Structures are given as C-alpha cells and as structure tokens.
Amino acid sequence: MKYTAEVEHMCPLAKAAYHGPAPIPEEGEWVKAKTVEDISGFTHGIGWCAPQQGACKLTLNVKKGVIEECLVETIGCSGMTHSAAMASEILIGKTIIEAMNTDLVCDAINTAMRELFLQIIYGRTQSAYSKDGLKVGASLEDLGKNLRSQVGTMFATRKTGPRYLEMTEGYVEQVAVDKDNAIIGYKTVNFGKFMDAVKAGTDPKEALEKARTHYGRITPEEGAVKLIDPRKE
C-alpha cells in the first residue's frame, strides 16, 4: 500500500468501535451483508434504452449471490427480442456483481439489471419477508398457465378514437360499440390456449373457437350496435 507523504507523517489514532453494516431483510431473515454470498432475493425491475424506443422487464431469483433464475420480457424493439435470448443465457450462474459488469447485449436489459441490483443489495425484494424466499421457477407463475407475457397494446388518434389491439385475455378480434360509437366490449383469442390445443392434436378451427372469449357487452340485447375489426375499420 502506498501513502502520500502527508499521511506517512500523521500519528496513528485508535479506530472507533466497528458497528458493521445495517441489517437488511432477505428471505425472512435480517442479514448483515458483507460479501456477495450474503445476498439473496427475488425481484422485478424495468429498464429502457437510450432512445427509449423499447423497454425490458427483468425478473431475477438470486440465491447466495448467484442468479439461479431469470425472466427477460421485452417490448417495442424487434432487435431487443434477440438480445433477450442472449441475455437469458448470459445471466444464469453469474453473481449479481458479475451480471452488473457484463454486457447484456441490449441497453434496456443493462438498465433493468442496474435497477434490480439496487433493489437486491438493499433488501427491497419481493421475497424480503418470505421464509427461504421463492423457489427457482417462481417467475413462470407471473406468466400464467400459457407462459406468455401480459401485454396490452392500444392505438388511438383524436380523429378516429381508440383501437384495442391486445389485452391480457389475448388478441382482440373485434370491439363492440354502442349507439354513440363508444366501445362497450371486445372479443379476444387467447393464443396460448390456441397453440396448446393445436399442439395437442385439436383441429385448428376447433381450437380457435375454444380459445375465443369476450369481455363486456357484445350483443344487441346488451346495447351493442355493431362489432368492428380494430385493425381494419
């Protein structure tokens, strides 16, 4: 260790009592984190790229400092989906410090990793007060039975009003409007259910019918004047 001349000529004084780091909540325990192995937690975070043309929702499950599980969801940029594929391979098995100092291909994913790092090292995680945390694989529960991201896509102009394109329920086929041309319901197709049925051997036409659902008022008896295709009308 090299010291400046000023420090070399200073007289040594006794150091005050060592208080240690403040305890943080981790998986149902209070932990005084000193090394990366002391860090555990399950959490989510959002990141964005510099031009803000896309975003990433990143979910990590960290056990004893190592990323055991990750879920990478992206929206708004075609290239970002390929970046997510690479990031999913890069992240697992790394310590959170390694992950923070690794290029995760996409600016938005790197930003999400930064935000999650701050949550995890300060004990602000979803599993902070859960005994033993969450099992590896817990992020799949957020996707639901069909393992698809929850996506909402709406388009609107002042001239033509809103167009519902995608809901949590699925792809919007038609929207129902009343006598005032206000949307009062919609019909959707759950692509997850549709693909599961097709893979199981169901005829595609039958599978499509079974995957259809609706929300709100869609019949004339309920006040619907007409159904329109939001992508064409």
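So, a few notes on the structure that sits alongside this text. Just so it is clear, the structure is predicted and the values come from calculations on it, not from any experiment.

So, the packing of aromatic side chains
Here is step 1 of the chain: Counting across every chain of the model gives four aromatic pairs.
Here is step 2 of the chain: Measuring from ring centre to ring centre gives 6.3 Å for Trp30 and Tyr129, while their planes differ by 70 degrees; the resulting arrangement is edge-to-face. Residue Trp30 is found in strand E2 (residues 29-31), and its partner Tyr129 is found in the loop between helix H4 (107-121) and helix H5 (139-143); the two are separated by 99 residues along the sequence.
Here is step 3 of the chain: Ring centres 6.0 Å apart and planes at 80 degrees place the aromatic pair Tyr164 and Tyr186 in the edge-to-face group. One end of the pair, Tyr164, is in strand E7 (residues 161-167); the other, Tyr186, is in strand E9 (residues 183-189), with 22 residues separating them in the sequence.
Here is step 4 of the chain: Residue classification places Tyr164 among the partly exposed positions, given a relative accessible area of 23%.
Here is step 5 of the chain: These aromatic residues form a ring-pair network of at least three members: Tyr164, Tyr186 and Tyr215.

A word on the side chain of Asn190
Here is step 1 of the chain: The topology assignment puts Asn190 in the loop between E9 and helix H6 (191-199).
Here is step 2 of the chain: By relative accessible area, Asn190 is classed as buried at 15%.
Here is step 3 of the chain: Within the structure, Asn190 has its side chain in polar contact with the backbone nitrogen of Gly192 (distance 3.0 Å).
Here is step 4 of the chain: Polar side-chain contacts of Asn190 include one of 3.0 Å to the backbone nitrogen of Lys193.
Here is step 5 of the chain: Excluding residues within four positions of it along the chain, Asn190 makes contact with Asn146, Glu169, Gly170 and Ala211.

Some thoughts on helix H2 (residues 78-91)
Note: α-helices contain 3.6 residues per turn, so residues at a spacing of three or four share the same orientation.
Here is step 1 of the chain: Taking 1.5 Å of rise per residue, the 14 residues of H2 would be expected to cover 20 Å, and the 21 Å separating its terminal C-alpha atoms lies within 8% of that figure.
Here is step 2 of the chain: Those residues of H2 not exposed but buried are Met80, Ser83, Ala84, Ala87 and Leu91. Considered in projection along H2, the buried side chains sweep an arc of 110 degrees and stay on one side of the axis. Opposite the buried face of H2, at more than 90 degrees from it, the exposed residues are Ser78, His82 and Glu89.
Here is step 3 of the chain: Tucked into the core, H2 has its buried residues touching strand E4 (55-63), strand E5 (66-75), helix H3 (96-100) and H4.

Calculation rules
- Residues numbered from 1 in each chain as written.
- Predicted model: local features only at pLDDT ≥ 70, side-chain atom pairs only at ≥ 80, totals over all residues.
- Heavy atoms only, no water.
- Phe/Tyr/Trp six-rings, centres within 6.5 Å; stacked < 30°, edge-to-face > 60°.
- Helix = DSSP H or I, 4+ residues; strand = E, 2+ residues; numbered from the N terminus.
- Buried < 20%, exposed > 50% of the residue type's maximum accessible area, 1.4 Å probe, protein only.
- Polar contact = N/O pair within 3.5 Å; in protein donor to acceptor, adjacent residues only side chain to side chain.
- Contact = heavy atoms within 4.5 Å.
- Expected span 1.5 Å × (residues − 1).
- Arc of directions from axis to C-beta.

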